[in-house]
Amino acid sequence: MKHFRRPTILIGAGLVGVWVLVALFAPLLAPFDPLKSLTPLASPGAPAPGGGTFWLGTDLLGRDILSRLIYGARPVVALSTLATLTAYTVGVSAGLLAGYYGRWIDTGLSFLANVILSFPVLVLYIVVIVALGPSPINVVIAVTFASAPAVFRIVRTIAADLKQRDFIAAAVIQGESAWRILFIEILPNATGPLTVDFCLRLGYTTIIIGALGFLGLGLPPPAPDWGGMVNEGRALAFAFPHLVIFPCLAISSLVLGLSLLADGLNEARDAQARGS
Amino acid sequence: MSPKIMTPEPPILSVKSLSVALPAGADRPFAIHDISLDLRPAEILCVVGESGSGKSILSSTMMGALPRGLAIQSGDLTLSDKALGDIDLTALSERAWRTIRGRRIAMIPQEPMAALNPSAKVGRQIEEVFAIHGRLTPKTRPAEALRLIKEMHLPDPERIAASYPHQLSGGQCQRICIAMALALSPDVLIADEPTTALDVTSQAQVLKLICELRDIHRQAVLFITHDLGVVADIADRIAVMEKGRLVEVGTAEQILKHPRQPYTQALIAAVPSFEPKPRAPVPNAKPGHCLEVDGLSKTYGRTRALKPANLTVERATTLAVVGESGSGKSTLARLLVRLIEPSDGTAVVNGHDLARLRGTALRQARRRIQMIFQDPFGSLNPRRSVGGTIARAAELAGCTRQEAEARAKALLERVGLSASAYARRPAAFSGGQRQRVGIARALAMRPDVLIADESVSALDVSVQAQVLTLLRELQMELGLTIVFITHDLRVAAQISDRVAVMRSGEIVELADTASIILDPQHPYTRALIAAAPGRGAI
């Protein structure tokens with residue numbers, strides 16, 4: 001366990017942990033109603049009319065930015081986790097099948113994955129969302145569609161390597177069923193690299209959800225959405241930088257946390273493998 | 001085979017109370033401790049020891065190439081030089097070492113294929129040795145490389161020089177590596193298990209070559225090996241190591257015929273003898289064939305990995321399948337357990353044709369024939385406890401979860417591990433212990449036939465002897481039929497009732513063990529027996 005007590009992991013887990021807690025306890029933490037118009041374009045630190053302070057100012061429609069950031073953490077945390085999990089379910093299953101069975105299953109699935117991966121990611125998201133319409137579920141579908149091929153490739157490689165090992169041969173000789181070989185014998189041996197990739201991919205998904213919000217393809221307004229907030233503040237960003245800076249900081253702190261976590265886990269795994 | 005040195009010459013390389021410390025937390029404080037050895041010109045000194053004895057650390061110390069984290073703790077390492085007097089090797093800088101390595105002390109690697117650059121012709125790679133050390137001119141180097149290749153008795157030297165490593169056999173690659181080591185006429189040649197990766201016949205040729213070159217060039221050879229048969233063939237003197245300490249040094253005659261230390265005696269006793277052992281039949285065994293193979297073959301495209309094979313194995317007996325790499329013996333093993341699909345033929349185990357069954361019927365018939373694998377590290381799932389692995393096999397054979405756990409614990413004890421090992425992962429066990437777990441896993445299914453595919457070749461001789469004894473005991477107890485795949489005729493002579501000799505995908509001879517060893521009929525069988533190292537001595 002000593003390998004996991006390194007600064008990158010602690011800081012990363014801290015940042016991510018804070019945002020998860022903020023999302024969970026948003027109603028208790030937010031000082032104002034995130035949808036209610038109070039004073040338009042108040043500066044950070046300005047006093048609110050009914051008592052209290054707009055710590056991060058208000059937006060064009062007079063809504064408290066801090067409260068919107070706090071509530072905005074909910075869809076980001078929930079959607080990026082859900083979307084990454086579904087991408088993993090699809091990618092891991094397909095990767096195990098292709099890596100273990102090889103032959104035409106591998107050829108077919110790899111071809112499909114390569115076709116999807118050959119499109120610019122953002123174009124892919126826009127096409128999917130425009131086709132299905134913006135909604136939380138469709139964001140999940142779009143992320144799954146675009147991320148699963150990358151997960152597929154990792155799992156496929158690991159499975160193709162592991163199936164050569166004698167312990168898999170032993171399982172086959174014992175008459176073990178195919179799904180047990182895939183999910184009980186092979187998958188647990190892939191958890192190390194997959195955990196690292198999962199953290200990184202959560203970060204990518206967070207960015208993508210932000211970008212979709214910015215493009216107006218995220219959550220429909222007036223729901224608080226970090227990317228959407230940047231977009232709304234864009235026109236006035238030079239006069240009122242607080243409209244844009246704080247949502248940007250929110251996105252980058254969460255992504256930074258996830259990246260640090262992924263880096264730290266990777267280093268810890270290496271250190272553990274070296275046995276030092 | 002080698003001429004004895006009458007007057008001891010002054011040593012060329014001298015080791016005095018050399019110690020190399022291991023980092024804190026290792027299983028012992030020293031990698032090697034208090035080693036004193038003299039290496040004289042024109043002698044072959046064999047350093048023998050089992051894995052973990054520190055013999056490889058000794059050789060890397062002499063090359064100034066200790067792994068990171070290890071350093072010489074104390075002691076002297078002196079190279080005598082006619083011009084410069086004695087050179088203290090322990091005090092050399094990395095830059096100074098570069099004038100020693102290759103020029104004065106050269107090395108023959110363990111894995112010749114891995115030691116050569118796969119994308120350069122081997123002739124060029126020999127020329128490069130001269131280029132790095134600024135010898136000869138670019139014009140004269142190819143001729144010198146060719147001369148060296150000729151000296152290695154390689155056929156058609158021009159073609160070999162223009163070949164890439166993958167176009168050569170392992171034995172040929174090793175001879176190229178020897179040519180590279182000899183290119184600068186070093187005084188000392190260090191050979192770390194140089195023939196372990198080779199087949200017996202190429203091993204015999206390489207050993208002969210090393211002796212011959214020593215006679216011509218009179219360089220000192222430090223030969224590191226675990227194989228006492230090889231030692232008996234080439235050693236002038238022998239140093240025995242155990243757990244980083246020097247147990248005994250002496251002439252080959254002294255050590256092999258009159259070992260004084262108990263460890264050396266045990267080591268020599270553990271070497272399987274070439275004389276076939278009379279084998280008592282298994283009591284109460286039902287007569288009849290347990291395994292019948294008829295016309296079993298495997299073709300990949302146009303390559304015939306296994307030509308149609310026919311053999312029968314009596315119940316409760318052992319058949320050894322002997323052959324070199326590429327002989328098709330592993331293909332046969334994998335076909336028998338249906339890890340690969342046969343192209344043709346049948347393999348009948350107690351009345352069930354495993355080559356024909358499909359789906360559920362196949363999965364159920366499978367437990368009749370189980371396998372023990374070669375690599376004790378790859379054959380256990382690293383993420384599962386060893387008990388869980390064995391218990392799962394028992395469950396698949398039809399036990400309930402409680403029965404399976406009980407059977408796993410009983411089997412762990414039966415193979416010489418304790419039941420308390422149940423919850424531990426494979427990483428906590430040594431190679432020999434893991435191989436025992438592999439045996440327990442196979443037995444948990446209560447099979448009729450056990451296929452052992454090179455199951456002891458990765459183990460030290462003493463551990464190998466224990467595992468072979470265990471297998472024999474289990475055969476007596478359970479009436480197991482065993483097919484034992486091996487490259488080692490010695491092992492085959494000890495454990496089998498009958499032997500099948502394979503070559504190029506074909507069974508060339510199949511007979512009782514005694515007649516194979518004492519009266520081989522096929523020329524290839526004779527060649528194999530002649531090539532086996534240390535035939536006369538041990």
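Residues numbered from 1 in each chain as written. Chains lettered and ligands numbered in written order. Predicted model: local features only at pLDDT ≥ 70, side-chain atom pairs only at ≥ 80, totals over all residues. Heavy atoms only, no water.

(A) Representation of the sheet that holds strand β15 (residues 352-353) of chain B. Residues and elements named next belong to chain B. Across the sheet, which stays open at both edges, the four strands sit in the order β12-β11-β14-β15 with antiparallel pairing between neighbours. Each of the sheet's edge strands pairs with one partner strand only, and the pair in question is β12 (303-314) and β15. For strand β14 (residues 344-349) and β15, the ladder comprises two bridges, and the chain directions are antiparallel. Bridging across to β15, Val-349 finds its partner in His-352. Contacts from helix α12 (residues 329-336) reach β11 (289-300), β12 and β14, with the element oriented near 115 degrees to β11. (Pairing = 2+ DSSP bridges. Helix = DSSP H or I, 4+ residues; strand = E, 2+ residues; numbered from the N terminus. Contact = heavy atoms within 4.5 Å. Axes fitted to C-alpha atoms, helices over the stretch in contact; angles between N-to-C directions.)

(B) Region of the structure containing the packing of helix α9 (residues 191-214) of chain A against helix α10 (residues 226-233) of chain A. All names here are of chain A. In contact at an axis separation of 6 Å, α9 and α10 are set at 40 degrees when each is read in the N-to-C sense. With respect to α10, the axis of α9 lies oblique. The hand of the α9/α10 crossing is right-handed. The residues of α10 that touch α9, namely those facing Gly-210, Gly-213 and Phe-214, are Gly-227, Gly-228, Val-230 and Asn-231. Counted by class, the contact of α9 with α10 contains two nonpolar, five polar and no charged residues. (Parallel < 35°, antiparallel > 145°, perpendicular 65-115°, else oblique. Left-handed = near helix turned anticlockwise from the far one by under 90°. Nonpolar A, V, L, I, M, F, W, Y, C, P; charged D, E, K, R; others polar.)

(C) Fine view of the side chain of Asp-192 of chain B. Residue and element names in this part refer to chain B. Among the structural elements, Asp-192 can be located in strand β7 (residues 188-192). Lys-55 provides the closest opposite charge to the buried, unpaired Asp-192, separated from it by 6.5 Å. Looking at Asp-192, its side chain comes within polar contact range of the side chain of Ser-56, at 3.1 Å. Not counting residues up to four positions away in its chain, the partners in contact with Asp-192 are Ser-56, Ser-59, Met-107, Ile-108, Pro-109, Gln-110 and Ile-224. (Buried < 20%, exposed > 50% of the residue type's maximum accessible area, 1.4 Å probe, protein only. Lys, Arg positive; Asp, Glu negative; His and termini not counted. Salt bridge = Lys/Arg side-chain N within 4 Å of Asp/Glu carboxyl O. Polar contact = N/O pair within 3.5 Å; in protein donor to acceptor, adjacent residues only side chain to side chain.)

(D) Examining the environment of Asp-215 of chain B more closely. Residue and element names in this part refer to chain B. By secondary structure assignment, the location of Asp-215 is in helix α8 (residues 200-217). For Asp-215, a relative accessible area of 43% puts it in the partly exposed group. Each C-alpha atom of the pair Asp-215 and Val-293 lies 50 Å from the other, and the pair is 78 residues apart in sequence. Within the local environment of Asp-215, its side chain forms a polar contact with the side chain of Arg-214, the two groups lying 2.9 Å apart.

(E) Molecular detail of the packing of aromatic side chains. Enumeration according to the criterion identifies four aromatic pairs over all chains in this entry. Relative to Phe-54 of chain A, the ring of Phe-32 of chain A has its centre 5.1 Å away and its plane inclined at 40 degrees; by these criteria the two rings are tilted. Pair noted here: Phe-32 of chain A is in the loop between α2 (26-29) and β1 (46-47) and Phe-54 of chain A is in strand β2 (residues 53-54), with a separation of 22 residues, a long-range link. The exposure class of Phe-32 of chain A is buried, given its relative accessible area of 18%. The exposure class of Phe-54 of chain A is buried, given its relative accessible area of 0%. A cation sits over an aromatic face here: Lys-298 of chain B above Tyr-300 of chain B, 5.0 Å from the ring centre. Geometry around Phe-429 of chain B places Arg-424 of chain B over its ring, the cationic atom sitting 5.0 Å from the centre. (Phe/Tyr/Trp six-rings, centres within 6.5 Å; stacked < 30°, edge-to-face > 60°. Lys NZ or Arg CZ within 6 Å of the ring centre and 35° of its normal.)

(F) Molecular detail of unusual backbone geometry. Residues and elements named next belong to chain B. One non-glycine residue, Asp-34, lies in the positive phi region at around 55 degrees. Note that Asp-34 resides in strand β2 (residues 30-39). One non-glycine residue, His-153, adopts positive backbone phi at about 60 degrees. With respect to the element layout, His-153 can be found in the loop between α5 (141-151) and α6 (157-161). By relative accessible area, His-153 is classed as partly exposed at 47%.

(G) Examining the pattern of salt bridges more closely. In total, this model carries 29 salt bridges over all chains according to the counting rule given. Its salt-bridge partner being Arg-63 of chain A, residue Glu-232 of chain A comes within 3.6 Å of it at the nearest N-O pair. Of the two residues, Glu-232 of chain A sits in helix α10 while Arg-63 of chain A sits in the loop between β2 and α3 (65-101), which places them 169 residues apart along the sequence. Residue Arg-63 of chain A is classed as buried on the basis of its relative accessible area of 6%. Here the salt bridges share partners, and the residues they tie into one network are Glu-176 and Arg-180 of chain A together with Arg-392, Glu-395 and Arg-401 of chain B.

(H) Looking closely at empty space enclosed by the protein. This model, assessed by the stated rule, comprises three cavities of 30 Å³ or more. Looking at the largest cavity, its volume works out to about 70 Å³. Taken together, Phe-167, Ala-170, Ala-171, Gln-174 and Glu-185 of chain A together with Asn-381, Arg-384, Thr-389, Arg-392 and Arg-441 of chain B make up the full set of residues lining the largest cavity. Elements with a minimum of two residues in the lining of the largest cavity: α7 (166-173) of chain A together with α14 (386-396) of chain B. It is α7 of chain A that provides the largest number of residues to the lining of the largest cavity, a total of three residues. Partitioned by chemical class, the residues of the lining of the largest cavity number three nonpolar, three polar and four charged. (1 Å grid on protein atoms, 1.4 Å probe; cavity = no way out; pocket = protein on both sides within 12 Å on 5 of 7 lines; lining within 4 Å. Points joined across faces, edges and corners; volume = space filled by probe spheres on them.)

(I) The interface of chain B and chain A, seen in detail. Chain B puts 23 residues into the contact, and the matching count from chain A is 17 residues. Together, the buried faces of chain B and chain A total about 1800 Å²; carbon and sulfur atoms form 51% of this surface. A per-residue breakdown of the area chain B buries against chain A is headed by Arg-363, Asn-381 and Arg-383 of chain B, which together make up 26% of the total. Linking chain B with chain A are three salt bridges. For Glu-185 of chain A, the salt bridge goes to Arg-384 of chain B, with nearest N and O atoms at 3.1 Å. Where chain B meets chain A, there are 12 residue pairs in polar contact (both at pLDDT 80 or more). Put simply, the parts of the chain that give the side of chain B that touches chain A at least two residues each are β16 (369-372) and α14 of chain B. Residue composition of the side of chain B that touches chain A, grouped by class: 10 nonpolar, five polar and eight charged. (Buried area = accessible area lost by both parts, 1.4 Å probe.)

(J) The nonpolar core, seen in detail. Residues and elements named next belong to chain B. With 54 residues, the main nonpolar core has Ile-176, Ile-178, Phe-223 and Ile-238 as its most contacted residues. If you tally residues by element for this core, the top one is helix α7 (residues 170-182), at seven residues. Among all residues touching Phe-223, those that are not within four sequence positions of it are Ile-44, Leu-45, Cys-46, Val-47, Ala-191, Pro-194, Leu-207, Ile-210, Val-230 and Ile-234. Among the nonpolar cores identified, the runner-up in size contains 38 residues, and Ala-393, Cys-399, Leu-468 and Leu-470 belong to it. (Core = buried A, V, L, I, M, F, W, Y, C linked by side-chain atoms within 4.5 Å.)

(K) Main features of the environment of Val-483 of chain B. All names here are of chain B. Take Val-483: it is sitting in strand β18 (residues 481-486). Its relative accessible area of 2% is what places Val-483 among the buried residues. For the pair Val-483 and Arg-498, spaced 15 residues apart in the sequence, the C-alpha separation amounts to 9.8 Å. Setting aside its immediate chain neighbours within four residues, Val-483 contacts Leu-291, Val-313, Leu-319, Val-321, Val-449, Leu-450, Ile-451 and Ala-452.

(L) Quick peek at α14 of chain B. With eight of 11 residues buried, α14 of chain B lies mostly within the body of the structure. All of the buried residues in α14 of chain B are Val-386, Gly-387, Thr-389, Ile-390, Ala-391, Arg-392, Ala-393 and Ala-394 of chain B. Looking at the packing, one finds that the buried side of α14 of chain B touches α8 (178-186) of chain A together with α15 (401-414) and α16 (431-444) of chain B. The positive-phi residue at the C-terminal boundary of α14 of chain B is Gly-398 of chain B, with phi of around 110 degrees.

(M) Summary view of the domain arrangement of chain B. One can read the domain layout of chain B as domain 1 (112-185), domain 2 (282-368 + 451-538) and domain 3 (376-446). A straight line from the C-alpha centre of domain 1 of chain B to that of domain 3 of chain B covers 48 Å. (Domains from an automatic or database assignment.)

(N) Quick look at the layout of surface pockets. Taken as a whole, the second largest pocket holds about 1100 Å³ of empty space. If you go around the second largest pocket, you meet 27 residues; those closest to its centre are Tyr-100 and Val-172 of chain A together with Leu-339, Ile-340 and Glu-341 of chain B. For the lining of the second largest pocket, the elements supplying multiple residues, two or more each, are α3, α7 and α8 of chain A together with β11 and α13 (359-365) of chain B. Split into classes, the residues belonging to the lining of the second largest pocket amount to 12 nonpolar, four polar and 11 charged.

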